[in-house]
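Remarks on the overall topology
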Amino acid sequence: MKAMLVDTTRCTGCRSCQVACKQWNNLPAVQTRFFSDGSMQNPAHRSSKTWAVVTFHELPKNNRPGLFFGRLQCFHCVDPACADACPVHALKKTKLGPVVYDPGLCLGCRYCQMACPFNAPRFDWDKPVPEIRKCTMCYDRVAAGGRPACVAACPAEALAFGERSEMVAEAEARIRQSPARYVAHVYGKNEVGGTCVLHLAAVPFESLGYPSGLPDEPVADHIRSAMHTVPYAMATLGLALGAVAWVVNRRMENTGDKPDKAE
Amino acid sequence: MTNHWIDLQNADVIMVCGSNVAENHPVAVRWMEEARKRGAVILSADPRFTRTSAFADRYCPLRSGTDIAFVGGMIRYAFSNNRLNYDYLRDNTNASFIVKPEYAFNDGLFSGFDPASATYDKASWAYETDENGVPLQDPTMTDKRCVLMRVKAQYKRYRLKTVCGIVGAPRYLYEKFCDLYTGTYENGKAGTWLYAMGGTQSTHGTQNVRAYSVLQLLLGNIGIAGGGVNALRGESNVQGSTDMALLYNQLPGYLAAPAEKDKTLADYLAARTPKSADPKSANWWQNTPKYVASLLKAWYGPAATRENDFCYDWLPKYGRDCSYVNLFSGIESGDIRGLVLFGQNPAVSGPSCQRQLAALSRLSWMAAVDLFETETASFWKRPGANPSDIDTEVFLLPAVASVEKAGSITNSGRWAQWREKALDGPGDTKPDLWILDALYRAVRKEYERGGVFPDPVVNLAWNYDGADQEPDPRKVAQEINGFFVAEATANNRSFMAGDQAPSFAFLLDDGSTACGNWLYSGSFPGPKPEDNRMAARGIKQGDDRIGLYPGWAWCWPVNRRILYNRASVDANGQPRDPARWVIRWNAEKSAWEGDVPDGPWPPGDRYPFIMLPEGHARLFAQGLADGPLPEHYEPWEGPVQNALSSQRHNPLLLSAKGKGPAKEPGSPERFPVVATTYRVGEHWQAGALTRNTPWLIELVPSAYAEIGEILAMMLGIKNGDRVVVETARGSVEVYALVTKRFGTFRVGGKILHEVGLVWHFGYEGLARGASANVLTPDIADPNSRIPEYKAFLCNVRKAAEG
Amino acid sequence: METKRTSPGAWVVRAVALAGMLTIVYRFWRGLGAATNLNDGYPWGLWVTVDILAGVALAAGGFVIAGTVHLFGGKKYESLARPAILTAFLGYLLFAFGLIVDLGRPWNLFNIMLFGNHESPLYEIGWCAFLYTIVLFLELLPAVFEKFSWGRVKAFYLKTSPWVVIVLLTVFAAAMTRSTAWTLVIAGILLGWELLMETGVMPRDTQTPILLIMAGVIFSFLHQSSLGTLYLMMATKLDPLWYTPVLPIFFFISAVLAGVSMVALEAIAAEKFLRHPVDLAPITTLVAKMPLALGLYILLKLEDLASRNVAGELFQFTLPAAAWWLEIGLGAILPLFLFLKRDFIKKRGGLALICGLVVLGLLINRTNVSLTGITVPRWEPYYPRWSEWLVTAGILCMGFLAYDWLTVRLPIISVKRAVAA
Ligand SMILES: Nc1nc2c(c(=O)[nH]1)N[C@H]1C(S)=C(S)[C@@H](COP(=O)(O)OP(=O)(O)OC[C@H]3O[C@@H](n4cnc5c(=O)[nH]c(N)nc54)[C@H](O)[C@@H]3O)O[C@H]1N2
Ligand SMILES: Nc1nc2c(c(=O)[nH]1)N[C@H]1C(S)=C(S)[C@@H](COP(=O)(O)OP(=O)(O)OC[C@H]3O[C@@H](n4cnc5c(=O)[nH]c(N)nc54)[C@H](O)[C@@H]3O)O[C@H]1N2
Ligand code: SF4
Ligand code: SF4
Ligand code: SF4
Ligand code: SF4
Ligand code: SF4
Ligand SMILES: [Mo]
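The rules behind each value
- Residues numbered from 1 in each chain as written.
- Chains lettered and ligands numbered in written order.
- Predicted model: local features only at pLDDT ≥ 70, side-chain atom pairs only at ≥ 80, totals over all residues.
- Heavy atoms only, no water.
- Helix = DSSP H or I, 4+ residues; strand = E, 2+ residues; numbered from the N terminus.
- Rg over C-alpha atoms; globule rule 2.2 N^0.38 Å.
- Buried < 20%, exposed > 50% of the residue type's maximum accessible area, 1.4 Å probe, protein only.
- Areas by Shrake-Rupley, 256 points an atom, 1.4 Å probe, with all protein chains shown as cover.
- Lys, Arg positive; Asp, Glu negative; His and termini not counted.
- Charge placed at Lys NZ, Arg CZ, Asp CG, Glu CD.
- Contact = heavy atoms within 4.5 Å.
- Buried area = accessible area lost by both parts, 1.4 Å probe.
- Salt bridge = Lys/Arg side-chain N within 4 Å of Asp/Glu carboxyl O.
- Polar contact = N/O pair within 3.5 Å; in protein donor to acceptor, adjacent residues only side chain to side chain.
- Nonpolar A, V, L, I, M, F, W, Y, C, P; charged D, E, K, R; others polar.
- Patch = residues over 30% accessible without salt bridge, like charges linked within 9 Å, V, L, I, M, F, W, Y side chains within 5 Å.
- Near = heavy atom within 4 Å.
- Pairing = 2+ DSSP bridges.
- Axes fitted to C-alpha atoms, helices over the stretch in contact; angles between N-to-C directions.
- Parallel < 35°, antiparallel > 145°, perpendicular 65-115°, else oblique.
- Left-handed = near helix turned anticlockwise from the far one by under 90°.

Things to note about the overall build of chain C
Across its full length, chain C holds 19 helices and 0 strands. Over its C-alpha atoms chain C spans a radius of gyration of 22 Å, differing by no more than 12% from the 22 Å that the globule rule assigns to 421 residues. Seen along its three principal axes, the alpha-carbon backbone of chain C occupies a region of about 65 × 55 × 50 Å. Counting all 421 residues of chain C, 57% fall into the buried class. Just so you have it, chain C exposes about 17,200 Å², and 73% of that area is on carbon and sulfur atoms. Charged side chains of chain C number 32 positive and 24 negative; the gap between the two group centres comes to 8 Å.

The following block contains the structure:
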């Protein structure tokens, strides 16, 4: 399983990755006015036309004004909530790692959007024939043995790509080698069961706009137990209702209040 | 760059001062990161906290226009903490040279100043020499008149407190910077200084760069791996175009352009060929006659003979300042009537651009060769102009983009890299070479029918046609490399007419060689396409221990990757830093190893700085117009008095009165806020390329000014408001980016504010906005003539609603 | 009667229905973004909340009454059964219609049946609601047979419908579990009952197929609760005041409560607006059981909050806390108190008010779960666009019109009387 490692401490906020994504995936520019955020972020959010955004955060550094970056895209969860939520397998986890989408199956119900803990899937609100769109981890390139367009474009080598286990090891090695530079946490190693986009940061991830307080269990675990009760509920209800009906009918029969005779 | 991009990985301390490398040279950061992996520290000094600062480990603010104070303080810090590399200074620099006793420095003025003309007589800045003309030295470097002591005396006034009071930085930050950076004085420690327009675009810009160099020499950081004074160049091929004589006062290969006083070739050579009486000085420029003769042969071909001085007379001789700013005075005055713009957009990029725009309508014709209809090309229909009032005839010649043609591009590390055409240009677009070729042929046709002084035009050696009858850039490249026009023996080798020159060491002054640019000799040493060394892509070839990659492309001079590398070794040719050695002398083989050394001589035979007649790098230099040592002055529009002397700004600017800037400088009373201009990573220059690219417009859609939170609060400005920024030249309305990243500057007991504008915008293209150059002063550095885009005065207010 | 149908009110209903339908055309022409304020932060809005979540819950009266009458021997409620089933049937048709309007790619709807992901609660809801609508249709058929006096057809219906039900439930079990064992177990249970009835070991209701009613209850239980399961996915987004592992159970209970209230409310409203006579007695008896259920519901909610250690948040000055109090205060506590005033529920107005409050409570609850309780960091709050209101109102009005049209034509109201005549 492949994974991307985003080392936000190396990122310069140049946004080559953001543009490379649009270029490779043929996504149109969106209309912006000035900047969307306190600093220079644009656009404000991911959308069906912008699958990844570099986020800007003016936060203190060494007790002086500073500037930090984050990067939001689809995290390609190891056990993706979106794929579990999707009623038609339009979103699927591939063996290679990317979570991919098939519009031919999709209903446009947007449950994946509600389910995703990273708010990654986006919808074509402006189209009569809409699709769910999100970062594909450049499945086309990756399947052909390449690396994602954004990774290839990053001048700072803030983005790396490889086997997930190696990326986790690399991330942990970086923290070990420069403990002062990083918060001691590989975001995505365990979050919601692990993701295939891992992040390193110099400041708490929460302050860089990453969802915080995520559990280590896959989000889908929450529905699995409920879903697994379905056949039990059916069987129990089937038995219980029949039995009740039988008993009730028998009693009415005995009291002479036979339903048949209602006519 | 004295070094090159990959070499940044070898540094221990990387100082980014005068550049925003992460935005403007983004690929560089990967080599900086390599350095950091090895434990290097990255420092960022900039008026505002940039994306480079975000990438750096530490940040220190400095007010725009105060680099010399900033560096001067470091120089003093190095002296007072004994952080000088004495061995290095003695062997490699003019530290031990004795300066003439008449030399003096007093209250901001060096000796020899003539207030009437506002120029210096530089005679007193010379070295004391012996009877043979060899400079006197004091190897102990303790003589009061030796250069090192002169330097020490000069910067004695630059105390931490004084400097912080000028640059406006908190002392603890600045002191830490001094400490970290001067720590590289030891052998085995390398500090590199990265600068670009933040350093140069100033009325003392050349002296800013001199200040960086002086500090680097004091610390022994030049010529070594991971060191250097590294100009991060601008336009993709600006290094190449500078090498080919971008400036009016140069010929290709940094030969001086003949001035009016250089009447004959002999006059010219006598005046321009440096001499040295010291046998240990290589004095490379003594070869000037060979390079000039070869150049003229390349230009005028068979018409150029020894007897007719190789047609030297045909060269134009300049009699006055023809630099960029003055060109426009020439247009204004009607002296210049036609203008060809090859990929330039002065209506957006020039200082005081309103003035330039107005000047353009005085032209009778203008031809713009560009990818887009730029603001300059459409000046006649700009907002507010009435096309029927403008008589200028304007031509727009569509050019192909860089990837749509073959040719070489020389990067900041002096690597000439050949690129093949990737795809065809759209429509009728043509390569610049094709356009130039057609233009020349048309002009020649006119001159063949007669005209004033047709000789230089009709006799030009001009045939670059390739197999397909189209001009072939390879032919141009081969001419630039140089070739033999006649059978000859050079450097003990014999050549046939038509042979390509192996390198400039084989060029001759007798007319048997032709060479378009001696510096590039060796780049294309054979007749076949495979001989094009600029197209070499051998990554694994040669010595890549310290990332020299000599098999990748070709680098001037003679593929030397680190300039002045002789300074990296001791008298026995052994590296001062054995871990990251650049060159070393193998006594057994009697040969140098590693990079191509500065000259073939064994160690000790020649002084290390072979391009200078004294053979030593200059801490103290006679060359510049405005002083032998960098001295702090306020910008032309300075917000305060000079804290170090009563010379408010560069004294040579007095000479600009009347002929230079159209307007008097704005006063700090009316314009209390310091202003600067700069780039963002997402846009390119005057914007034609990027303001027509929707993906980039999405990221930065509009012109804006960065304003610190405190100033914004005082003025009642909120993030995203429209604000008016006004200077003595004009005013613009832009968005306000209110940010913590622009702090305040405590200067001379006052709190100063600074704002910064991006200058990429104009009224053409898909994304439009006000041009920052409406605001900038058309005052220039007295040496380089670069305008002071980086420091001026303004006023800011919230724009009226609606 | 006629007067009411030509009254201005009736015309308003028709006009709103028409306007709603036109808006739907616009929505399909220009896309969801043009017709709604939905966005990537709030991809589910008014339509999901009202048309789907609340709509399905309020139609729960159908299976509750049907089950009570036919399984639990609540014969006294028989007069309520058909209107409740009709309402439910119409409710589900409208829900399906609303769903199609809300889906981005409704033409792929049947992919659920073909390529479904049985792990997804939405898959379950899709199947379940689809099959339950068939069940409701079958439950409603006797009224048609009566209307046209198709005795033979009805006999055929009575014979075959148990088998149809067995097939439906078995297919459902197979689809849901993808397990042969489970499919056989479910089929076995159903076949078992049918066999028992066939052999006369167990008495058979000759008027209504018991298995059909059972299927209605099973399907309803499953998808009513699964609508809650949907939100178990929103672990990181839904406020802890609502996010609980037992959310499906709460969804089911609240649906039953509101469904029953809806039946009562409907009867009273039908009498007032459509002049259908109403027998208040069964309604009052039915409703009399409500305080107990409401009380239990409130206790369960509090117990759940306490056990998850979030009860403290109820007493903080936050929007979710206020929304929670509004939901429980108006929808459960207040009706509970009013119920306890015996004479209050004797009056039509009082009864209507109480039931109305419970229904309102459900609406607020579903809004809280699907909108108020969902936080999207750094996102503008969502408010429905006027066109969303119009579509919802239009669909509702279509429902009124259909109900009116059908009740006039079919023997729905007061079955006894119809049959007697
Ligand atoms: N993306 C992008 N890259 C580019 C270009 C572009 O337009 N866009 N242009 C190219 C060209 S032609 C050039 S010349 C280079 C220029 O490259 P840079 O010199 O890096 O460009 P600038 O942004 O003009 O200025 C750099 C920094 O100088 C700071 N500064 C302002 N005043 C002073 C001062 O007095 N002292 C010091 N030390 N710093 C100061 C500014 O705040 C700014 O951050 O970039 C090249 N690269
Ligand atoms: N205020 C302020 N002003 C500045 C600066 C600053 O820092 N502040 N910086 C200054 C600096 S460093 C520079 S270098 C100048 C740059 O100023 P200019 O050179 O005037 O600006 P560019 O936008 O780079 O102009 C290049 C033009 O070439 C076109 N072009 C691109 N490729 C080709 C090609 O292959 N062939 C041809 N024929 N045309 C091509 C582009 O479309 C563009 O219009 O601006 C200066 N102006
Ligand atoms: S981030 Fe969201 S969309 Fe991406 S795989 Fe995880 S759950 Fe799915
Ligand atoms: S919108 Fe499409 S992809 Fe998302 S859950 Fe629904 S069917 Fe699946
Ligand atoms: S992996 Fe591909 S799709 Fe995803 S953000 Fe990078 S470039 Fe875009
Ligand atoms: S390309 Fe790399 S450095 Fe640039 S914004 Fe993206 S991650 Fe950061
Ligand atoms: S030269 Fe090209 S690759 Fe290098 S930094 Fe500039 S734009 Fe990027
Ligand atoms: Mo430049």
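From this point on, the discussion continues.
Focus: the interface of chain A and chain B
On the chain B side, the residues contacting the 39 residues of chain A number 41 residues. Of all residues in chain A, Phe-34, Glu-58 and Arg-64 of chain A bury the most surface against chain B, accounting for 20% of the area lost on that side. Where chain A meets chain B, there are 6 salt bridges. When the shortest N-O distance is used, the salt bridge between Arg-741 of chain B and Glu-58 of chain A registers 2.8 Å. For the pair chain A and chain B, the interface holds 20 residue pairs in polar contact (both at pLDDT 80 or more). In terms of residue count, the dominant contributor to the side of chain A that touches chain B is helix α1 (residues 16-24) of chain A (4 residues). Looking at the side of chain A that touches chain B residue by residue, the classes come out as 17 nonpolar, 12 polar and 10 charged.

Observations regarding the environment of Glu-380 of chain C
Residue and element names in this part refer to chain C. With respect to the element layout, Glu-380 can be found in the loop between α17 (348-372) and α18 (386-409). The exposed category is assigned to Glu-380, whose relative accessible area is 62%. Here the alpha-carbon distance between Glu-380 and Gly-41, two residues 339 residues apart in the chain, equals 8.2 Å.

Let's talk about the interface of chain C and chain A
Every contact between the two is made by 73 residues of chain C and, on the other side, 76 residues of chain A. Of all residues in chain C, the largest losses of buried area upon contact with chain A belong to Asp-40, Arg-105 and Met-233 of chain C, amounting jointly to 13% of the total for that side. Applying the counting rule to chain C against chain A returns 2 salt bridges. Arg-110 of chain A is the partner of Asp-102 of chain C in a salt bridge, and the nearest nitrogen-oxygen pair spans 2.9 Å. Counting across the chain C and chain A interface gives 29 residue pairs in polar contact (both at pLDDT 80 or more). Put simply, the parts of the chain that give the side of chain C that touches chain A at least two residues each are α2 (8-30), α3 (32-35), α7 (111-115), α8 (121-148), α9 (151-177), α10 (180-198) and α11 (210-232) of chain C. Among the elements that line the side of chain C that touches chain A, the one with the most residues is α11 of chain C, at 10 residues.

Section: a nonpolar patch on the surface
Residues and elements named next belong to chain B. Among the surface-exposed residues, Val-340, Phe-342, Trp-365, Phe-395, Leu-397, Leu-436, Leu-439 and Val-443 lie close enough to one another that they form a single nonpolar patch of about 610 Å² accessible area. Contributing elements (two or more residues each) for the nonpolar patch: β12 (338-342), β14 (393-398) and α17 (432-448). For the nonpolar patch, the element with the most residues is α17, which contributes 3 residues. Within the secondary structure layout, Val-443 lies in helix α17. Judged by relative accessible area, Val-443 falls into the partly exposed class, the value being 34%.

With respect to the environment of Leu-363 of chain C
Residue and element names in this part refer to chain C. Following the sequence through the fold, Leu-363 ends up in helix α17. Owing to a relative accessible area of 27%, Leu-363 belongs among the partly exposed residues under this scheme. Once the C-alpha coordinates of Leu-363 and Phe-145 are considered, the two residues, 218 residues apart in sequence, prove to be 36 Å apart. Not counting the four nearest positions on each side in its chain, Leu-363 is found in contact with Val-50 and Ala-54.

Digging into the site of ligand 6
Neighbouring ligand 6 are 13 residues; Cys-11, Cys-14, Arg-15, Cys-17 and Cys-154 of chain A lie closest to it. By residue class, the composition of the shell around ligand 6 is 9 nonpolar, 3 polar and 1 charged.

Thoughts on the site of ligand 4
For ligand 4, the set of nearby residues contains 14 residues, the closest of which are Cys-86, Cys-106, Cys-109, Arg-110 and Cys-112 of chain A. Here the shell around ligand 4 is built from residues that sort into 12 nonpolar, 1 polar and 1 charged.

Describing unusual backbone geometry
Following Asn-42 of chain A, the chain continues into Pro-43 of chain A via a peptide bond in cis, with omega recorded as -15 degrees. On the secondary structure map, Pro-43 of chain A appears in the loop between α1 and β2 (53-57). Between Trp-556 of chain B and Pro-557 of chain B the backbone carries a cis peptide bond, its omega angle lying at -10 degrees. Summarising the element assignment, Pro-557 of chain B is placed in the loop between β21 (554-555) and β22 (583-586). Even without a glycine there, the phi angle at Ala-118 of chain B is positive, about 55 degrees. As for its position among the elements, Ala-118 of chain B is in the loop between β6 (113-114) and β7 (119-120). The backbone of Cys-311 of chain B shows a phi angle near 65 degrees, a positive value even though the residue is not glycine. If you trace the backbone, Cys-311 of chain B turns up in the loop between α13 (288-300) and α14 (324-333).

A word on the side chain of Gln-685 of chain B
Residue and element names in this part refer to chain B. Considering the arrangement of structural elements, one finds Gln-685 in the loop between β24 (673-678) and α20 (694-699). The buried category is assigned to Gln-685, whose relative accessible area is 15%. Looking at Gln-685, its side chain comes within polar contact range of the side chain of Glu-235, at 2.9 Å. In this structure the side chain of Gln-685 is engaged in a polar contact, spanning 3.2 Å, whose partner is the side chain of Arg-679.

Looking at the pairing of strand β16 (residues 415-419) of chain B
All names here are of chain B. Across 4 bridges, strand β15 (residues 407-410) lies against β16 in antiparallel orientation. Along β16, the bridge assignment pairs Thr-410 with Ala-416. In this structure, the hairpin formed by β15 and β16 is closed by a connection of 4 residues, where Arg-414 is found at a positive phi of approximately 70 degrees.

Focus: the pattern of salt bridges
A pair can form between side chains of opposite charge whenever their charged atoms are brought close. Counting across every chain of the model gives 65 salt bridges over all chains. In this structure, Asp-79 of chain A engages Arg-224 of chain A in a salt bridge whose closest nitrogen and oxygen atoms are separated by 2.9 Å. Here the residue Asp-79 of chain A occupies a position in the loop between β3 (68-72) and α2 (81-85), and Arg-224 of chain A occupies one in helix α7 (residues 221-228), the gap between them amounting to 145 residues. Each of Asp-7, Arg-10, Glu-170, Arg-174 and Arg-181 of chain A together with Glu-33, Arg-36 and Asp-57 of chain B takes part in a single network of salt bridges with overlapping partners.

Some thoughts on the packing of helix α12 (residues 247-274) of chain C against helix α14 (residues 290-307) of chain C
Residues and elements named next belong to chain C. Packing of α12 against α14 leaves a shortest axis separation of 11 Å and a crossing angle of 155 degrees. Between α12 and α14, the angle is such that the two are roughly antiparallel. In terms of crossing hand, the pair formed by α12 and α14 is left-handed. Contacts between α12 and α14 involve Phe-250, Ile-253, Ser-254, Leu-257, Val-260 and Ser-261 on the former and, on the latter, Met-290, Ala-293, Leu-294, Tyr-297, Leu-300, Lys-301 and Asp-304. For the contact of α12 with α14, the residue count by class is 9 nonpolar, 2 polar and 2 charged.

Describing the sheet that holds strand β3 (residues 58-60) of chain B
Paired through backbone hydrogen bonds, the strands of a sheet run either parallel or antiparallel to each other. Residues and elements named next belong to chain B. With parallel pairing, 5 strands are arranged side by side in an open sheet as β3-β2-β1-β8-β9. Each of the sheet's edge strands pairs with one partner strand only, and the pair in question is β3 and β9 (229-231). In this sheet, adjacent strand axes meet at a mean angle of 20 degrees when their direction is disregarded. Where strand β1 (residues 13-17) lies against strand β2 (residues 41-45), 5 bridges are found, and the strand directions are parallel. The residue of β2 that forms the bridge with Val-13 is Val-41. Across the sheet, helix α2 (residues 28-37) is in contact with β1, β2 and β8 (191-195); its angle to β1 comes to roughly 145 degrees. Where helix α4 (residues 67-80) meets the sheet, it contacts β1, β2, β3 and β8, and its direction lies at approximately 155 degrees from that of β1.

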